[in-house]
Amino acid sequence: MSARVSTPKQYYRGLAPWLLLAPYIAVTCVFTLYPLANAAVLAFYQTNGPASRAFVGIDNFRFLLSDPVFYRALGNTTVFALCSVFIQLPLSLGLSLLLNSGNDRWKSFFRLVLFSPNLVGQIFVGILFGVLFTPRYGLINRFLQALTGWGLEQQWLGDPALVMPAIVLTALWVYVGFNMIYFLAALQSVDKSLEEAARIDGANRFQVFWNVTLPAMRHVVLFVVITSVIGSFQLFELPLALLPTSNGHGPDNAGLTVVGYLYDVGFNAGDLGLGSAVGWVVALIITVVSVLQLRLAGGGEDE
Amino acid sequence: MRLGPIHWLLLGFFGVFAALYARSPKNPRLALRFLRFGVLVGASTAVLAPFVWLVAAAFKDKAYLNEFVFFPPPSAWSSKTVNLDNFRTLFAGDATIQGTVYFWQYVLNSVFLATTTTLVQLVFCSAAGYALAKFEFRGKRALMTFMLVSMMIPGVLLFAPVYELMVTLHLVDTFTGLILPGIVTAYGAFLFRQACLAVPNEMLDAGRIDGCSELRIYFTLVMPLVRPMSAAFCLVTFLGAWNSFFGPSVFLHSQGQLTLPVILNRYIGVYTNQYGVFLAGTLLAIIPPAVLFFALEKEFISGLTSGSVKG
């Protein structure tokens, strides 16, 4: 963004700002605030489609806490979130460092290529990778075979132990380039003179990165970690398209995510009340994890 | 095990790296640059290979789908191996209770939904952003705080109650029901607020002295000035709407209303043994976003990161 023009006095023109904001206020009241209030009510009802509802108190939550499928979905989603933070983000950071360390004209080309999977929606990615993971003919097994001599017949999406790795691998293909863009932007805004000073003081490449560069970009790192966790907990479309024959569940529910579970009980089985309860659980997890991360990162020193 | 081309490539790569390193171990700049370039080329190949494979699968005849890894070699290249059969099947039409629905219909639905959402959001988000940037009014601070907080409400929480609301409002299975909740977002409003802060007040004053109405000032003075921001915003919004799945799959029921992500996801089950057909559809579905992206790449990347790095 270009420099702000400071405004000694700003302008009051009666109704104009309210007219300009009216669509936002109207839409938010109808499609965010009202449903939010309704979500709080709905979670205590059992519904059969939108037409009929019966009050069940906290039974929805009691059911969730006793349902092994829900725990399976929670577990899968947590594994995915951990992989996003501990596998995908370090890879993104590594690639952004590689891109940033050279200033050749290839830089924008690589950036463009590595980012390009983000143009493809999750459903389309799922459709494509569902075929790429096919045993014998799929590109991934053919590559494994060419590299190691093993793996041509390996089932991925049919093997409970390999469903999650397949989903993580697919997500890597998409999102490594996405978070790389954020890291790259952060790296470019790090004060070069600080790094130079550290180098003159005798720090090696790694020390400069760990003690100067990384702390300087900690806000962006925190932002990317939190958005990745939030995104991970809302994962839904990718497994749905990767595992079409089982509606995204996969063998032994190995590919089921919490939002997949919500979709199942709320829209396939028609219990919007139970679906709302799942929504609250997910919202609670996201909030707790985000707050924890903000605390761990030093409790917002200057922001 | 016999060594294949991949192994020779890897051996060659590390061989060159070792040779470069051995030449000047004290100052291995050239070797490191070579290594860096090699890793980036490797990563780019991994990213591009599925795209190339997708194009190949879409054009290969169904009898030869599994025959060649990518395209057939020139010697086997003929209209028997590489043709438009997958696309012909795709465009042949689906028989439904409402009559035959052709693939064009889904394309049109997607184009209509994505462009309408984008244009409507552009108008309302920029209007809201302008109001937040250039006007003082009572309750502004409270409103902005509320908007920031509202961005943190996870979408999953609202799926069930919004669906119920749509049923009550009779908006299920209509495009209106899909477009209406998303005509303006807090995120978009904040992006435009940032851009509008840079518009000089003197200019707005000049407009006012010349007798422009506030709306006219907004359309003729402010909008042109925030154009770079608008390009990025439109692209992000278009991509989101074009690729959106949850909403359309839940709210749309009639076959003639479906969008590309919904119908292609269904086609996986329909064309189980001819995956070339739904891959041909997928290929078509990723072309419009790709064209827009290459046209607006610079604006897009800067718009994407403007909120996080400076914000």
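These numbers were taken from a predicted model, which means no experiment stands behind them.

Q: Talk me through the packing of aromatic side chains; I want residue IDs and the actual numbers.
A: Summed over the entire model, instances satisfying the criterion amount to 46 aromatic pairs over all chains. Looking at R53 of chain A, its charged tip hangs above the ring of Y45 of chain A, at a distance of 5.0 Å from the centre.

Q: Give me the pattern of salt bridges: which residues, what numbers.
A: Residues and elements named next belong to chain A. Inspection of the entire model under this criterion finds eight salt bridges over all chains. Linking E153 and R136 is a salt bridge whose minimum nitrogen-to-oxygen distance equals 3.1 Å. Taken as a pair, E153 in the loop between helix 6 (139-148) and helix 7 (160-188) and R136 in the loop between helix 5 (122-132) and helix 6 lie far apart in primary sequence, 17 residues in all. Here E196 makes a salt bridge to R199, at a shortest N to O gap of 3.7 Å. Residue E196 and its partner R199 are both found in helix 8 (residues 192-200); the two are separated by three residues, about one turn of the helix. Judged by relative accessible area, which is 41%, E196 ranks as partly exposed. Among the residues examined, R199 registers a relative accessible area of 45% and is labelled partly exposed.

Q: Now, about the confidence of the model for chain B: what can you tell me, with residues and values included?
A: Residue and element names in this part refer to chain B. Of the residues in chain B, 96% have a pLDDT of 70 or more, and the chain-wide mean is 87. Element-level mean pLDDT values for chain B span from 64 in helix 15 (residues 297-309) up to 94 in helix 4 (residues 103-134). Across the predicted assembly, pTM comes out at 0.89 and ipTM at 0.89.

Q: Could you give me a rundown of the environment of W280 of chain A, with the residues and numbers involved?
A: Structurally, W280 of chain A can be placed in helix 13 (residues 272-296). Overall, W280 of chain A belongs to the partly exposed group, its relative accessible area being 29%. When the C-alpha atoms of W280 of chain A and H249 of chain A are compared, they prove to be 21 Å apart, with 31 residues separating the residues in sequence. Excluding its chain neighbours within four sequence positions, the residues that come into contact with W280 of chain A are L36, A39, A40, A43 and F61 of chain A together with L157 of chain B. A distance of 3.0 Å separates a polar atom in the side chain of W280 of chain A from the backbone oxygen of A39 of chain A.

Conventions we followed
Residues numbered from 1 in each chain as written. Chains lettered and ligands numbered in written order. Predicted model: local features only at pLDDT ≥ 70, side-chain atom pairs only at ≥ 80, totals over all residues. Heavy atoms only, no water. Phe/Tyr/Trp six-rings, centres within 6.5 Å; stacked < 30°, edge-to-face > 60°. Lys NZ or Arg CZ within 6 Å of the ring centre and 35° of its normal. Salt bridge = Lys/Arg side-chain N within 4 Å of Asp/Glu carboxyl O. Helix = DSSP H or I, 4+ residues; strand = E, 2+ residues; numbered from the N terminus. Buried < 20%, exposed > 50% of the residue type's maximum accessible area, 1.4 Å probe, protein only. pLDDT = per-residue confidence, 0-100. Contact = heavy atoms within 4.5 Å. Polar contact = N/O pair within 3.5 Å; in protein donor to acceptor, adjacent residues only side chain to side chain.

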